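One letter stands for each residue in the lines below.
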Amino acid sequence: MKIKILLSILAVTLGLAAGLYFFRPHTFHGTVIQSPEPSYDFTLTSANDDISLSDYRGKLVLIYFGYTFCPDICPATLANVGQSLKELGTKADDVQLIMISLDPERDTPEKLAEYVAHFHPSFIGVTGSQEDLAKIAALYGIFYEKTDGSDNTGYLINHTATLLVIDREGYLKLVFPFGVTVPEIVDDLKYMLRQ
Amino acid sequence: MNKFILNGIYGVLGLLMVSAFAFKIFQPIQVLPRMQLSPAFDLTDQSNERLTSEDLRGQFVLYTFTYTNCPAPCFNINETMQEVQSRLDEVQLDGINVSFVTISIDPERDTPEVLNDYAKGIGADTSKWRFATTTNKSLLKTIIGSGFETYYEDKGNGSFAFDPAFVLVDGWGIVRSEYRYSTEVSNADRILRHLGVVAEEARNSVGTGKLAYEAAHLFLCYAP
């Protein structure tokens, strides 16, 4: 009888531990935002056409602000996202990365298209007027400023290097800091794709 | 035996549901919602120095919006700002800095010199409370109107209609609380309590503690 009671206690304890493990809430690697409103719906120019954020409702949209002359952080982040999409396989069909240029003087839509294609064939690069870009960047919390570079690089642009994830309904859901790894991106995107 | 296992599974699921309800009802951990990203900006302050959103990363910031010609007492905004500053030692901040920023909605008249005189006139400690604006009116409207979601309008007779809101932003640049006129604008107690809540989360939301804090966000266990 005592053995039965002990076994029952052991079974419930193990069950609880397993239950807590399997039903634990997903811990995001990025910072979760609980915005009550959809994020700002911009319209910018890609090499093919004007695109709006709202065109991609139903997909997860990753937004990255950068520029094609960016020497380090932009290619590092875009390469990580490109690798993440490859690891997601067919699920990546429901994910769209949009790179918004902060350098409209040098980044033409065609140049952006050529640049982002190096990282993943589905990536889209967009640009617009200085005024529009300043407004969009401000509303997505992206600070940027032009700084001196070398003769080789030309001027540089310091900018906030976060990677933003918009959910299928158009709400800003997640903010990844610079340095987020491929497994972390894949883990969070997989969870969001299941929602 | 099958019945025994089935009952065990039901029991475990039941316990988990009870635990979830208990977490929601008793709220052992309270947080402030991560409402939205604070807008990025590049302003000029009362000392004619740049003040950017990047300068304020890593610290808590309490924002207010006003114009220096606003007739006194102008919604008691400054009194509340000063009360929060003078009582900051009531909050366990663990070294996290708190900055105070008042953004002028009247850049035409509120030049750095005027803002400096204004700050001196109300006895503001400008080492932690800065007054700033930008002459780019369109961008100012974007920052305050759309970014901080705070209404203001030039009435054309030297006065402005505006929402005397307070906005609390954390070190990640995320808006954590807003204090609107229609609810409770002059409530230093609530602002100080909220500063304590975000500081506590910054302090404890590491390792396994992070899971508990994320559960508090998931179950909307928001501090009143």
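Treat the numbers as computed from the prediction; the structure is a model and nothing was measured. (Residues numbered from 1 in each chain as written. Chains lettered and ligands numbered in written order. Predicted model: local features only at pLDDT ≥ 70, side-chain atom pairs only at ≥ 80, totals over all residues.)

S.K.: Report on the overall build of chain A, specifying residues and quantitative values.
M.R.: Within chain A one finds five helices and ten strands. Within chain A, counting contacts between residues at least 6 apart in sequence, those at least 24 apart form 70% of the total. (Helix = DSSP H or I, 4+ residues; strand = E, 2+ residues; numbered from the N terminus. Contact = placed C-beta atoms within 7 Å.)

S.K.: Describe in detail the overall build of chain B, supporting the description with residues and values.
M.R.: For chain B, the count of helices and strands is six helices and ten strands. Taken over the C-alpha trace, chain B has a radius of gyration of 22 Å; the compact-globule value for 224 residues is 17 Å, which it surpasses by more than 25%. Projected onto its principal axes, the C-alpha coordinates of chain B cover approximately 85 × 35 × 30 Å. Relative to all contacts within chain B whose residues are 6 or more apart in sequence, the contacts with residues 24 or more apart total 73%. (Rg over C-alpha atoms; globule rule 2.2 N^0.38 Å.)

S.K.: Describe unusual backbone geometry, listing the residues and the values that go with them.
M.R.: All names here are of chain B. In this structure, Asn 48 takes a positive phi of about 65° despite not being glycine. The topology assignment puts Asn 48 in the loop between strand 2 (42–45) and strand 3 (50–52). Even without being a glycine, Asp 94 presents a positive backbone phi close to 50°. Within the secondary structure, Asp 94 is located in the loop between helix 2 (77–86) and strand 5 (98–104).

S.K.: Let's hear about the sheet that holds strand 9 (residues 166–169) of chain B: which residues, and what values?
M.R.: Residue and element names in this part refer to chain B. In spatial order, the strands read 1-10-9-4-5-6-2-3; together these eight strands make up an open sheet with mixed pairing. Each having just a single partner strand, strand 1 (36–37) and strand 3 make up the two edges of the open sheet. Inspection of the sheet shows strand 2 paired to strand 6 (residues 129–133) by two bridges, in the antiparallel sense. Residue pairing across strands places Asp 45 opposite Ala 132, the latter belonging to strand 6. Across the sheet, helix 2 is in contact with strand 4 (60–66), strand 5 and strand 6; its angle to strand 4 comes to roughly 165°. (Pairing = 2+ DSSP bridges. Axes fitted to C-alpha atoms, helices over the stretch in contact; angles between N-to-C directions.)

S.K.: An account of the sheet that holds strand 5 (residues 95–101) of chain A is requested, with residue identities and associated values reported.
M.R.: Spatial strand order, 1-10-9-4-5-6 (chain A): six strands in an open sheet with mixed pairing. What marks the edges here is a single partner per strand, and that holds for strand 1 (31–32) and strand 6 (124–126) of chain A.

S.K.: An account of the interface of chain B and chain A is requested, with residue identities and associated values reported.
M.R.: In this assembly, 34 residues from chain B lie in contact with 26 residues from chain A. Elements represented by at least two residues in the side of chain B that touches chain A include exactly helix 1 (2–26), strand 1, helix 4 (137–147) and helix 6 (208–218) of chain B. Sorting elements by how many residues they give to the side of chain B that touches chain A places helix 1 of chain B first, with seven residues. For the side of chain B that touches chain A, the class distribution of residues is 18 nonpolar, eleven polar and five charged. (Nonpolar A, V, L, I, M, F, W, Y, C, P; charged D, E, K, R; others polar.)

S.K.: Break down the nonpolar core for me, citing the residues and quoting the values.
M.R.: In terms of nonpolar packing, the biggest core is built from 105 residues, with Leu 62, Ile 63, Met 99, Ala 137 and Leu 164 of chain A together with Tyr 63 of chain B touching the most fellow members. Sorting elements by how many residues they give to this core places strand 4 (residues 60–66) of chain A first, with six residues. (Core = buried A, V, L, I, M, F, W, Y, C linked by C-beta atoms within 7 Å. Buried ≥ 20, exposed ≤ 12 C-beta atoms within 10 Å, placed from the backbone.)

S.K.: Can you break down the environment of Glu 83 of chain B residue by residue, with the values?
M.R.: In this fold, Glu 83 of chain B is placed in helix 2. Residues Glu 83 of chain B and Asn 187 of chain B, spaced 104 residues apart in sequence, show a C-alpha to C-alpha distance of 9.3 Å.

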